[in-house]
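Tertiary structure, described
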Amino acid sequence: MKGEIVMAYEQMLVPVLEKQALAKNIYRMVLQCRSIAQQAACGQFVHLLPVGCTLRRPISICEINKAAGTLTIVFEVKGTGTDALANVRVGENVDILGPMGHGFTILPEAKHVVVVGGGIGNPPMLSLAQVYGERATAICGFRSANIVTLQDEFHASGAETILCTDDGTAGRQDLVTEPLKEQLAKGDVDMVYACGPRPMLKFVAAAAKEYGVRCEVSMEERMGCGIGACLVCACQLEREGKSVMGHVCKDGPVFPAEEVVW
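Quick summary incoming for the structure in this document. Sequence order sets the numbering: in each chain, residues are counted from 1 along the sequence as written. With pLDDT at 70 or above as the cut-off, local features in this predicted model cover only qualifying residues; side-chain atom pairs require 80 or more to be listed or tallied, and sums for whole chains, interfaces and linings still use all residues. Excluding hydrogens and water, the side-chain values take into account all heavy atoms of the structure.

1. Brief notes about the sheet that holds strand 15 (residues 254-256)
- Any two strands with at least two DSSP bridges between them are considered paired. Going along the chain from the N terminus, every DSSP run of H or I of four or more residues is numbered as a helix, and every run of E of two or more is numbered as a strand. Judged by pairing direction, the sheet is mixed, and its 7 strands sit side by side in the order 10-9-8-7-11-12-15 without closing on themselves. Strands with a single pairing partner mark the edges of an open sheet, and in this sheet they are strand 10 (172-173) and strand 15.
- Note: strand 9 (residues 160-165) against strand 10, 2 bridges, orientation parallel. Within strand 10, the residue paired with Thr 165 across the bridge is Gln 173.
- Its contacts with the sheet put helix 3 (residues 123-132) on strand 7 (113-118), strand 8 (136-142) and strand 11 (191-195), and the angle it makes with strand 11 is roughly 155 degrees. In what follows, a contact means two residues having at least one pair of non-hydrogen atoms within 4.5 Å. Angles here are taken between N-to-C directions and fall from 0 to 180 degrees, while the axes themselves are lines fitted to C-alpha atoms, restricted in helices to the stretch in contact.

Structure below.
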C-alpha cells in the first residue's frame, strides 16, 4: 500500500488519556481522537497547538489504535512549545490538527523489512514494527542509556530489536548503520525505513543503495503551518532528473531516499 497524502485532516480539541515521562525531557501521551486515528497511517504526524503559543508543533505519530480511537505520541522538550505540551495534565484537552503528511509505503507481501530510528526518530518506527511484527528488524540508536525509550514496546511488537548507543552504556556500541549493513548482507531485506538526524539518514540511504534495497526516510524540518502554505520546511529533491524544492509537511515527511539531495 503506497503512502498517501491525507488531505481530510481535522482540527479538534481532544483529551489526554495517559501521560508518562519516559526519560529526561521525553514524554509519552495517549490522545483520544477517534476520527483522526481512523485516518492515520504510519509515518504521518499531528500538529499540536500548546496553550499560550502562536504556532503549532509537529509531532510524529508513535502508535495508532484504530479500535480504541487513540494515537500515541512521544516528544522531546526542546523549547517553550513542547515545554507547554509537557505540562498538560491527564484529562485536559489539547488542540490537534491531523493526520498530516505523507506516510510510509506498506508492503503487505514483504518477508523482511528493517526499521531504523535515531534518538527521537525512534517513536515513528514503532508503528511500522507493529504492522510487520516478526517480519521486521528494528534498529534503535541513542546517544546513551539514559535516553533509551520504547524498547519494551519494540520487543512486544514481535520485531527483532537491536539497540545501539554511541557510548556503549546500553546495547551495542555502534552506529545504527553497522547492524543495518549486517541485515542487508543477508540478502533478504525488502525495504528499509528510517527516521532520525539528517546525517544518519544519509548513511542509511547510502547503505540501502549499496545493496540495491528500496529505502524510505522521514525527514525532520522546522514547520510553520504544516499544510504547505508557509514554505518554511523546504527541502531539495531530485525528481525525473530535475532539482525541485519539496516541503516536508505536504510532500513528506516521508520521501523515497533516492529523491533526497543530501
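2. So, the environment of Ile 59
- Note that Ile 59 resides in strand 4 (residues 57-65).
- When sequence neighbours within four positions are dropped, the list of residues in contact with Ile 59 reads Phe 45, Val 46, Leu 48, Ile 73, Val 74 and Phe 75.

3. Topic: helix 5 (residues 177-185)
- Throughout this description, buried means an accessible area under 20% of the type-specific maximum (1.4 Å probe, protein chains only), exposed means over 50%, and partly exposed covers the range between. The complete set of buried residues in helix 5 reads Thr 177, Pro 179, Leu 180, Gln 183 and Leu 184. Along the long axis of helix 5, the arc covered by the buried residues comes to 160 degrees, so they all point the same way.
- Here the buried face of helix 5 lies against strand 7, strand 8, strand 9, strand 10, strand 11 and helix 6 (198-210).
- A positive backbone phi angle near 80 degrees is found at Gly 187, which sits one or two residues after helix 5. Arc, as used here, means the arc of the directions from the helix axis to the C-beta atoms.

4. Considering helix 3
- Buried residues dominate helix 3, accounting for 8 of its 10 residues.
- Regarding helix 3, the residues found buried are Pro 123, Pro 124, Met 125, Leu 126, Ser 127, Leu 128, Ala 129 and Tyr 132.
- Those residues of helix 3 that are buried lie in contact with strand 4, strand 5 (70-76), strand 7, strand 8, helix 4 (151-156) and strand 11.
- Where helix 3 terminates, the next one or two residues include Gly 133, which has phi positive at roughly 60 degrees.

5. Comments concerning the pairing of strand 8
- The buried count for strand 8 comes to 7 of 7 residues, which makes it a mostly enclosed element.
- Because side chains alternate across strand 8, one face comprises the buried residues Ala 136, Ala 138, Cys 140 and Phe 142, and the other comprises Thr 137, Ile 139 and Gly 141, equally buried.
- Note: strand 7 against strand 8, 6 bridges, orientation parallel. Bridging from a neighbouring strand, Val 113 pairs with Ala 136 of strand 8.
- A crossover counts as right-handed when, viewed with the strands pointing away from the observer, the path leading from the first strand over the helix to the second turns clockwise. With respect to chirality, the unit in which strand 7 leads through helix 3 into the neighbouring parallel strand 8 is right-handed.
- Judged from the 6 bridges that link them, strand 8 and strand 9 form a sheet pairing that is parallel.

6. Focus: the pattern of salt bridges
- Throughout this description, the term salt bridge denotes a Lys or Arg side-chain nitrogen within 4 Å of a carboxyl oxygen of Asp or Glu. According to the stated counting rule, one finds 4 salt bridges in the structure shown.
- We note a salt bridge from Glu 18 to Arg 28, for which the minimum N-O separation is 3.1 Å. Taken together, the positions of Glu 18 in strand 1 (residues 10-23) and Arg 28 in strand 2 (residues 26-32) put the pair 10 residues apart, joining distant regions of the chain.
- Linking Glu 182 and Arg 172 is a salt bridge whose minimum nitrogen-to-oxygen distance equals 3.1 Å. Of this pair, Glu 182 sits in helix 5 while Arg 172 sits in strand 10; the two residues are 10 residues apart in sequence, bridging distant segments of the chain.
- With a relative accessible area of 27%, Arg 172 lands in the partly exposed category.
- Salt bridges linked by common partners bring Arg 172, Asp 174 and Glu 182 together as one network.

7. Description of the packing of aromatic side chains
- Centres within 6.5 Å are what make two rings of Phe, Tyr or Trp a pair, Trp counting through its six-membered ring; a difference in plane orientation under 30 degrees is then read as stacked, over 60 as edge-to-face, and the rest as tilted. Enumeration over the complete set of coordinates arrives at 3 aromatic pairs.
- For the ring pair Tyr 27 and Phe 75, a centre distance of 6.0 Å and an interplane angle of 25 degrees mean the geometry is stacked. Of this pair, Tyr 27 sits in strand 2 while Phe 75 is found in strand 5, placing the two residues 48 residues apart along the sequence.
- Overall, Phe 75 belongs to the buried group, its relative accessible area being 2%.
- Pairing Tyr 132 with Tyr 193 gives two aromatic rings, centres 6.0 Å apart and planes at 35 degrees, and the pair type is tilted. You can see Tyr 132 sitting in helix 3 and its partner Tyr 193 sitting in strand 11, a full 61 residues away along the chain.

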